[in-house]
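Below are the chains, spelled out letter by letter.
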Amino acid sequence: MLEPINFDVQLQYQCPGCNAGHWLTKEEAKAAGFKIVCDVCGTIHQIRTVDNTKLLVNFFKTKVKVTATATVTNIVDDAYTILKKYGYKQADIATAQQSIRATSAKQLVKKFLAIR
Ligand SMILES: [Zn+2]
């Protein structure tokens, strides 16, 4: 995903005589003594210069898709799928997992049955 590497800012000044808009780059707007010659009414205006400009960019928060990896819940659920046919309760398996701390359902099943 690309992010912007640069930006361009322009400032608009308005001729008080004829209301025509005059766009200056930020470098022009920073230049001391910069003058605009209104191309509509011909009036010459000295601009009020800017010290600096700052652009705040807020990116949309992109949702990171979390894939189902070996979370504790998945391990217990998967182990329960195997063990429920033997009459074990999911709560018993979840309690055992708290001390066993298995990293896979297969490991949990093996260690769960070993302590029975
Ligand atoms: Zn003008």
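Residues numbered from 1 in each chain as written. Predicted model: local features only at pLDDT ≥ 70, side-chain atom pairs only at ≥ 80, totals over all residues.

Undergrad: I'd like to hear about the overall build of the protein, residue by residue, with values.
TA: Scanning the protein from terminus to terminus reveals four helices and four strands. Reading the protein from its N terminus to its C terminus gives the helix and strand order β-β-α-β-β-α-α-α. Here the protein has a C-alpha radius of gyration of 34 Å; the compact-globule value for 116 residues is 13 Å, and the former is much larger. Taken along its principal axes, the extent of the C-alpha atoms in the protein is 95 × 25 × 20 Å. Out of the 116 residues belonging to the protein, those deemed buried represent 11%. Long-range pairs, those at least 24 residues apart, make up 31% of the contacts in the protein between residues at least 6 apart in sequence. (Helix = DSSP H or I, 4+ residues; strand = E, 2+ residues; numbered from the N terminus. Rg over C-alpha atoms; globule rule 2.2 N^0.38 Å. Buried ≥ 20, exposed ≤ 12 C-beta atoms within 10 Å, placed from the backbone. Contact = placed C-beta atoms within 7 Å.)

Undergrad: Can you break down the environment of H22 residue by residue, with the values?
TA: With respect to the helices and strands, H22 occurs in strand 2 (residues 21-25). Accessibility expressed as a C-beta count within 10 Å gives 17 for H22, which makes it partly exposed. If we ignore the near neighbours within four places in the chain, the residues touching H22 are Q12, Y13, C15, I36 and C38.

Undergrad: So what about the domain arrangement of the protein? Which residues, and what values?
TA: You can read the domains of the protein as domain 1 (10-46) and domain 2 (72-115). The C-alpha centroid of domain 2 is placed 75 Å from the C-alpha centroid of domain 1. (Domains from an automatic or database assignment.)

Undergrad: Quick one: what's the story with the environment of G33, residue by residue and with numbers?
TA: Inspection of the secondary structure assignment puts G33 in the loop between helix 1 (26-30) and strand 3 (35-37). By C-beta crowding, G33 is classed as exposed, having 7 other C-beta atoms within 10 Å. Residues G33 and T49, spaced 16 residues apart in sequence, show a C-alpha to C-alpha distance of 8.1 Å.

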